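One letter stands for each residue in the lines below.
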Amino acid sequence: MQTLSDIGESEIIRRITAGLESSGEVVTGPGDDCAVIRPAGSGDCDWVLTSDPVIENRHFTRDADFAQIGHKAIARTLSDIAAMGADPAWALINIVAPADLPVDDLETLNASMQATASREGMLIIGGDVSQGPELQVHVFGIGRCPTGAAVLRSGACVGDRLYVTGELGGSQLRHHLCFQPRIAEGRFLRDWATAMLDLSDGLATDSHHLAEQSKVGLRLNLSAIPIGPDADQLYDDHSPLYHALTDGEDFELLFCIAADRCAAFDAAWAETMKLPCCAIGEITDAAGRVVTVDAEGQAKPLSDEGFQHFRAR
Ligand SMILES: [Mg+2]
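Residues numbered from 1 in each chain as written. Predicted model: local features only at pLDDT ≥ 70, side-chain atom pairs only at ≥ 80, totals over all residues.

**Description of the overall build of the protein**
- The helix and strand tally for the protein stands at 8 helices and 13 strands.
- At 19 Å, the protein has a C-alpha radius of gyration in line with the 20 Å of a compact globule built from 313 residues.
- Its C-alpha atoms put the protein at 60 × 55 × 50 Å along the principal axes.
- Taking all 313 residues of the protein together, 42% fall into the buried category.
- Sequence separation of 24 or more characterises 83% of the internal contacts of the protein that already satisfy a separation of 6 or more. (Helix = DSSP H or I, 4+ residues; strand = E, 2+ residues; numbered from the N terminus. Rg over C-alpha atoms; globule rule 2.2 N^0.38 Å. Buried ≥ 20, exposed ≤ 12 C-beta atoms within 10 Å, placed from the backbone. Contact = placed C-beta atoms within 7 Å.)

Written out as structure tokens, the structure reads:
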């Protein structure tokens, strides 16, 4: 009997989304960081919708700090809204919890979710609770942006430069529980980026998502990839560069800028943003192919060996 682990996350999503109905109000359906909708009479804005689960023993362990779990649950959704260049607006939250969970833990979790949401301009407006075998927090987030301004994964053009914010790798040490969703950066980028996504599955896997959605190729310059200090602290068999390429949950923004706007973009970013960003490659016409180029100029195909749910790594 075939199971989910035989087919993996990408194929599961393909099967679930194949044949979904759409309507004229759906600007962008499944496959991006958020769906984009434009209901009749919605005025001068588009709405972006996303949902995200955070599950015990998958995204955190019970000994994690409940304030960090609450932060992570909201911040993951905020990161998807940021990846559209949109402004956070509302959230609905479902909490599944075992009956023996201490009330104090739930209150810590809840206070943290409210604090993170409030800091980023998102109101929690409802949800539900249910008893279940382990703690799960499901966040449904809604954001908005000016009509037509949402930055999709599908907009990259051959010749565009590829950029990333911040530093990558080693997120499982601590970053995955305390990362800052790149809301301000995403909002800034909606006037510049041709395509964008947030790095949740790792640069290698998410590069393929960008290539597939935009029907282009990517060339990554290995020496330009910003490797974070934690990528060097894992003490396993892999290099810091390997961690920067494949570790999930960096929650940085990967985006494309048209080549003839790069100089102006670099200047505008340096003037406006505190967080560094850097060019790490370019968009090519080799549709669906992602290659890395090392310091000697050697090109190698990059597999999408980042994180996939349902599969052992
Ligand atoms: Mg995302």
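**Observations concerning the sheet that holds strand S7 (residues 161-165)**
- Pairing is mixed across the open sheet formed by 7 strands, whose spatial order is S8-S10-S7-S11-S9-S12-S13. At either end of the open sheet lies a strand with only one pairing partner, and these are strand S8 (195-198) and strand S13 (299-301). Strand-to-strand twist of the sheet, defined as the mean angle between neighbouring strand axes without regard to direction, takes the value 25°.
- As defined by bridge partners, strand S9 (residues 217-221) adjoins strand S11 (residues 277-284) across 4 bridges and the pair is classed as antiparallel. Within S11, the position partnered with Arg219 by the bridge is Glu282. (Pairing = 2+ DSSP bridges. Axes fitted to C-alpha atoms, helices over the stretch in contact; angles between N-to-C directions.)

**Description of unusual backbone geometry**
- Positive phi values are uncommon outside glycine, yet Lys215 reaches one of about 55°.
- Mapped onto the elements of the fold, Lys215 is located in the loop between helix H6 (203-214) and S9.
- Not every positive phi belongs to a glycine, and Glu249 is a case in point at roughly 65°.
- Within the element layout of this structure, Glu249 appears in the loop between helix H7 (240-246) and strand S10 (253-257).
- The buried category is assigned to Glu249, around which 20 C-beta atoms lie within 10 Å.

**Re the sheet that holds strand S1 (residues 26-28)**
- Taken in spatial order, the 6 strands make up an open sheet running S1-S2-S3-S6-S4-S5, and their pairing is mixed. Only two strands of the sheet have a single neighbouring strand rather than two, namely S1 and strand S5 (123-131). Strand after strand, the sheet turns through a mean of 20° between neighbouring axes, direction not considered.
- Strand direction decides the pairing type here: strand S4 (residues 87-97) and S5, joined by 8 bridges, are parallel. Its bridge partner being in S5, Ile95 is matched across the sheet by Val129.
- Against the sheet, helix H2 (residues 66-82) contacts strand S3 (45-55), S4 and strand S6 (136-146), and its axis sits at roughly 145° relative to S3.
- Sitting on the sheet, helix H3 (residues 103-119) touches S4 and S5, and the angle it makes with S5 is about 155°.

**Quick look at the domain arrangement of the protein**
- Segmenting the protein into domains produces domain 1 (4-146) and domain 2 (153-301).
- The interface of domain 1 with domain 2 comprises 19 residues on the first partner and 20 residues on the second.
- Among the elements of the structure, H2 and S4 are those that each provide at least two residues to the side of domain 1 that touches domain 2.
- Take the side of domain 1 that touches domain 2: its biggest share by element is 8 residues, from H2.
- Residue composition of the side of domain 1 that touches domain 2, grouped by class: 8 nonpolar, 5 polar and 6 charged. (Domains from an automatic or database assignment. Nonpolar A, V, L, I, M, F, W, Y, C, P; charged D, E, K, R; others polar.)

**Considerations on helix H1 (residues 4-17)**
- With 14 residues, H1 ought to run about 20 Å at 1.5 Å a step, yet its terminal C-alpha atoms sit only 15 Å apart, falling short of that.
- The largest bend along H1 measures about 75° and falls at Ser10.
- Backbone geometry just after H1 places Gly19 at a positive phi near 80°. (Expected span 1.5 Å × (residues − 1). Bend = angle between axes of the 7 residues up to and from the residue.)

**Structural notes on the packing of H2 against H3**
- Running from N to C, H2 and H3 cross one another at 40°; their axes reach a closest spacing of 7 Å. Comparing the axis directions of H2 and H3 gives the class oblique. Both H2 and H3 take part in a crossing whose hand is right-handed. Taken together, the residues of H3 that come into contact with H2 (itself represented by Phe66, Ala67, Ile69, Gly70, His71, Ala73, Ile74 and Ala75) are Asp105, Thr108, Leu109, Asn110, Ser112, Met113, Thr116 and Ala117.
- The residue makeup of the contact of H2 with H3, split by class, is 9 nonpolar, 6 polar and 1 charged. (Parallel < 35°, antiparallel > 145°, perpendicular 65-115°, else oblique. Left-handed = near helix turned anticlockwise from the far one by under 90°.)

**As for the environment of Ala193**
- Residue position: Ala193 is located in the loop between helix H5 (183-189) and S8.
- Once the C-alpha coordinates of Ala193 and Cys256 are considered, the two residues, 63 residues apart in sequence, prove to be 5.4 Å apart.
- For Ala193, the residues in contact, after removing those within four places along its chain, are Gly85, Val151, Phe255, Cys256 and Ile257.

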